Amino acid sequence: MRVALDAVGKGRREHALPATSAAFESGVATLVAAETAQRPTVLGLIASGRMRPDTGRVTLDGRTDASALRRRVALVDAPEVSEPEPNVTLAGVAAEELMFAGRRSDPVAVRRWLDEHGLGDEASVPVSNVDPAARVRALCELAALRKGVEAIVLVSPDRHGGEPAVWWAVAEDFAARGYAVLVIAGQASEPVAGRTSLPVAGRTSLPVAGRTSLPVAARTSLSVAGRTPLPVVERAKRAETPRTIGRPRVRRLTAPTKGGRA
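Residues numbered from 1 in each chain as written. Predicted model: local features only at pLDDT ≥ 70, side-chain atom pairs only at ≥ 80, totals over all residues. Heavy atoms only, no water.

Before going further, it helps to examine the overall build of the chain. Within the chain, the regular secondary structure consists of seven helices and nine strands. With 262 residues in all, the chain has 52% of them scored as buried. A separation threshold of at least 6 residues defines the contact pool for the chain, and within that pool the share at least 24 residues apart is 71%. (Helix = DSSP H or I, 4+ residues; strand = E, 2+ residues; numbered from the N terminus. Buried < 20%, exposed > 50% of the residue type's maximum accessible area, 1.4 Å probe, protein only. Contact = heavy atoms within 4.5 Å.)

Here it is in structure tokens:
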């Protein structure tokens, strides 16, 4: 599969996301650089078909099909949208995702799954305190369990700290397994993908060697003239947060769609 973003933008005067072009495809890990608190999440939502851009378009294998995009692309660890609640243990996150994937989700099955993926020692640790590399791998592996998922959009893995080379290795591993992988991270992470940013006219960047970058005009926050940030992520958060069983609440790694699960 191949997903192409053609000059997509969001918000009044494109404050939420400047016009951006990028592409990611099966068997390739692609890095897009995006700054500010909300722009990586906005870009991830658009790239995975969960938010409609105000300008430009997103195509899947040459066609515009947001429903198919949502079913086939998992949005992973997007801040305020699909990231797990920080106080939930890794075992709790795994149990929820195993359940949504139609797998056994009892404590024994959860422990077995974590052990099989080398994550048993992190089972009782709140997900916010899990080693960054282990967190990224666990969330990507859980997202990949969902039926029909062929691509992963991983948002801001650099915010958890650690060496960028570690989470980039996870992205490349999933690409080697045939997934289309898009990683959205800060510009400081670009060297890990072996390239540098190539901004065009201060707004849009073009694909280079299978990887793209998102330049950010002035790298300011989303506040404008004293106003509060645009609520685009908050609106998407309401749609992305699933029904959960009991408390604490865990956000699903892939979003529900009309007529069925993503």
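Below, the discussion takes up the sheet that holds strand β5 (residues 73–76). Taking strand neighbours across the sheet as the criterion, the four strands line up as β3-β7-β6-β5 in an open arrangement whose pairing is parallel. Every other strand in the sheet has two partners, leaving β3 (29–33) and β5 as the edge strands with one partner each. On average, each strand axis in the sheet is inclined to that of its neighbour by 15°, with strand direction left out of account. When β3 meets strand β7 (residues 180–185), the two strands line up parallel, connected through five bridges. Note that in β7 the partner of Ala-33 across the bridge is Ala-185. (Pairing = 2+ DSSP bridges. Axes fitted to C-alpha atoms, helices over the stretch in contact; angles between N-to-C directions.)

Attention now moves to the pattern of salt bridges. What the rule picks out here adds up to 14 salt bridges. Two residues, Arg-72 and Asp-61, come together in a salt bridge whose shortest N-O distance is 3.9 Å. You can see Arg-72 sitting in helix α2 (residues 66–72) and its partner Asp-61 sitting in the loop between β4 (55–60) and α2, a full eleven residues away along the chain. Assessed through its relative accessible area of 43%, Asp-61 is described here as partly exposed. (Salt bridge = Lys/Arg side-chain N within 4 Å of Asp/Glu carboxyl O.)

What follows is about the confidence of the model for the chain. Taken residue by residue, the chain gives an average pLDDT of 79. The fraction at 70 or more is 74%. Note that residues 241–250 has pLDDT below 50 and, in this model, 22 contacts with residues that lie over four places away or in other chains. This stretch, residues 254–262, has a pLDDT under 50; its non-local contacts, to residues over four places away or in other chains, come to 23 contacts. (pLDDT = per-residue confidence, 0-100.)

The next thing to look at is the packing of helix α3 (residues 90–100) against helix α5 (residues 132–144). Packing of α3 against α5 leaves a shortest axis separation of 10 Å and a crossing angle of 15°. Looking at the two axes, α3 sits roughly parallel to α5. The two elements α3 and α5 cross, and the hand of that crossing is right-handed. Contact residues: α3 offers Leu-90, Val-93, Ala-94 and Glu-97, while α5 offers Ala-138, Leu-139 and Leu-142. Looking at the contact of α3 with α5 residue by residue, the classes come out as six nonpolar, no polar and one charged. (Parallel < 35°, antiparallel > 145°, perpendicular 65-115°, else oblique. Left-handed = near helix turned anticlockwise from the far one by under 90°. Nonpolar A, V, L, I, M, F, W, Y, C, P; charged D, E, K, R; others polar.)

A separate point is the packing of α3 against helix α4 (residues 107–116). In a packed pair of helices, the relevant descriptors are the angle between the two axes and the axis-to-axis distance. Two elements in contact, α3 and α4, have axes whose closest approach is 9 Å; the angle formed by their N-to-C orientations is 105°. Relative to α4, α3 is oriented roughly perpendicular. Contacts from Leu-90, Ala-91, Ala-94, Ala-95 and Leu-98 of α3 reach α4 at Val-110, Trp-113 and Leu-114. Per-class residue counts for the contact of α3 with α4 are eight nonpolar, no polar and no charged.

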